[in-house]
Amino acid sequence: MDTHDEDSNAPHGPGGRHGPDNRTAGPGEPRGTGGTDEPRRAGGTDEPAGSSVTEDTARPHVTPELSGPEVEPGDREPQDPAEPLVGTRLGVAALSPRYQVGAALALAVVAVVACVHLGMVFLHVAPSNTVTKQHGKAIDDWIYPEFEQNWKLFAPNPLQQNIAVQVRAETRGEDGSTSTTGWYDLSAEDGRAIQGNPLPSHTQQNELRRAFDYYAGTHDNNNRPVGMRGTLSEEYLRRIVVLRLDRDHAADGGTLQRVQVRVRTAAVPPPRWSGERVSSEPAYRVLPWWTVPAAEARGGVR
């Protein structure tokens, strides 16, 4: 008997060499799940009608094109680069703890200084009271000369004059010769800088005018100091005019030796419908010559 015959006569039962139920079902006998004629799964076309439905074929068949791939938590689409990431700290919170402490201290210092300044200005313009009587010197030291306040705009007789501050200088050249410059109209320079400027600086509008008002309020008509702030107001005005002359290159390569200030005052013409009569002639107030310290003459004013 050849090998083929042995294989064909071998038992096909549970102990057979082809394994359990590995035979072709006879007529009227249900097909086995392990036979060679097992019906095709879902999607096949050869399954006979009335055949049993297995567990796999009972599940609904989902077309990948319709459902799309499953999105894992780590496979989400990236956010718009213009949008901040969720959970990202911004501003001061993004700094390290050490820099956060530094920023908090800086903000605290600015807030304290601002409150102190507002309090000093309030006490300076407020009527005389117990605080100003006891701490008047400290208030004046804080206010003068940069933060002096006045109420001329709201006074019963507001300022109705055009005041121009002018200055000239005596210079020494490199060869030792001295010369005197012409008059520089510093107020006109500020006026040209302000004209057409929607946001002019405070210094262009008020620095020069307030410096002379401060000087006039601490000196008599003979330019003699009155009170303890007379010398301070003189130094303040001198430093401003020296700085302006340096900007205009008045020394022309030489050195400033002395400066002299004069003030031109002219009345504002009244409107046509007014019957008020005012003089149109300007008045001049000429201040004495002031010697420029060597440090300021070399450009030390900033």
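Structure: see above.
Caption draft 1: Just the environment of Thr171, in detail. Along the chain, the position of Thr171 falls in strand 1 (residues 161-172). Judged by relative accessible area, which is 5%, Thr171 ranks as buried. As for Thr171 and Gly253, which are separated by 82 residues in sequence, their C-alpha atoms are 9.4 Å apart.

Caption draft 2: Layout of the environment of His219. With respect to the helices, strands and loops of the structure, His219 is situated in the loop between helix 8 (202-217) and helix 9 (230-247). The spacing of His219 and Gly230 is 11 residues in sequence and 6.3 Å in space, taken between C-alpha atoms. Filtering out sequence-adjacent residues up to four positions away, His219 remains in contact with Arg224, Pro225, Val226, Gly230, Ser233, Glu234 and Arg285. Within the structure, His219 has its side chain in polar contact with the backbone oxygen of Tyr215 (distance 3.0 Å). At 3.2 Å, the side chain of His219 forms a polar contact with the side chain of Thr218.

Caption draft 3: Structural context of the packing of aromatic side chains. Scanning all chains against the criterion turns up 3 aromatic pairs. One aromatic cluster is present, formed by Tyr144, Tyr214 and Tyr236 through successive ring pairs. Residue placement shows Arg262 over the ring face of Trp183; its charged tip is 4.3 Å from the ring centre.

Caption draft 4: Geometry of a nonpolar patch on the surface. Together, Val109, Val112, Val113, Val116, Trp142 and Phe147 line one region of the surface with nonpolar side chains, adding up to about 500 Å² of accessible area. Looking at the nonpolar patch element by element, the count peaks at 4 residues for helix 4 (residues 97-125). Considering the arrangement of structural elements, one finds Trp142 in helix 6 (residues 136-143).

Caption draft 5: Representation of the side chain of Asp190 in the model. Among the structural elements, Asp190 can be located in helix 7 (residues 186-194). The contact partners of Asp190, leaving out residues within four places of it in the chain, are Thr203, Gln204, Leu208 and Arg244.

Caption draft 6: Representation of the nonpolar core. With 25 residues, the main nonpolar core has Val167, Leu237, Val241, Leu245, Val259, Val261 and Trp290 as its most contacted residues. Looking at this core, the elements with two or more residues in it are strand 1, helix 8, helix 9 and strand 4 (255-267). For this core, the leading source of residues is helix 9, giving 6 residues. Apart from residues lying up to four places away in sequence, Val261 is in contact with Val165, Gln166, Val167, Trp183, Val241, Arg285, Val286, Leu287 and Trp290.

Caption draft 7: How the structure looks around the packing of helix 8 against helix 9. Running from N to C, helix 8 and helix 9 point in directions that differ by 145 degrees, and their axes come no closer than 8 Å. For the element pair helix 8 and helix 9, the recorded crossing hand is left-handed. Residue-level contacts link Thr203, Glu207, Leu208, Ala211, Phe212, Tyr214 and Tyr215 of helix 8 to Leu232, Ser233, Glu234, Tyr236, Leu237, Ile240 and Arg244 of helix 9. Its residues assigned to classes, the contact of helix 8 with helix 9 comprises 9 nonpolar, 2 polar and 3 charged.

Analysis parameters
Residues numbered from 1 in each chain as written. Predicted model: local features only at pLDDT ≥ 70, side-chain atom pairs only at ≥ 80, totals over all residues. Heavy atoms only, no water. Helix = DSSP H or I, 4+ residues; strand = E, 2+ residues; numbered from the N terminus. Buried < 20%, exposed > 50% of the residue type's maximum accessible area, 1.4 Å probe, protein only. Contact = heavy atoms within 4.5 Å. Polar contact = N/O pair within 3.5 Å; in protein donor to acceptor, adjacent residues only side chain to side chain. Phe/Tyr/Trp six-rings, centres within 6.5 Å; stacked < 30°, edge-to-face > 60°. Lys NZ or Arg CZ within 6 Å of the ring centre and 35° of its normal. Patch = residues over 30% accessible without salt bridge, like charges linked within 9 Å, V, L, I, M, F, W, Y side chains within 5 Å. Areas by Shrake-Rupley, 256 points an atom, 1.4 Å probe, with all protein chains shown as cover. Salt bridge = Lys/Arg side-chain N within 4 Å of Asp/Glu carboxyl O. Core = buried A, V, L, I, M, F, W, Y, C linked by side-chain atoms within 4.5 Å. Axes fitted to C-alpha atoms, helices over the stretch in contact; angles between N-to-C directions. Left-handed = near helix turned anticlockwise from the far one by under 90°. Nonpolar A, V, L, I, M, F, W, Y, C, P; charged D, E, K, R; others polar.

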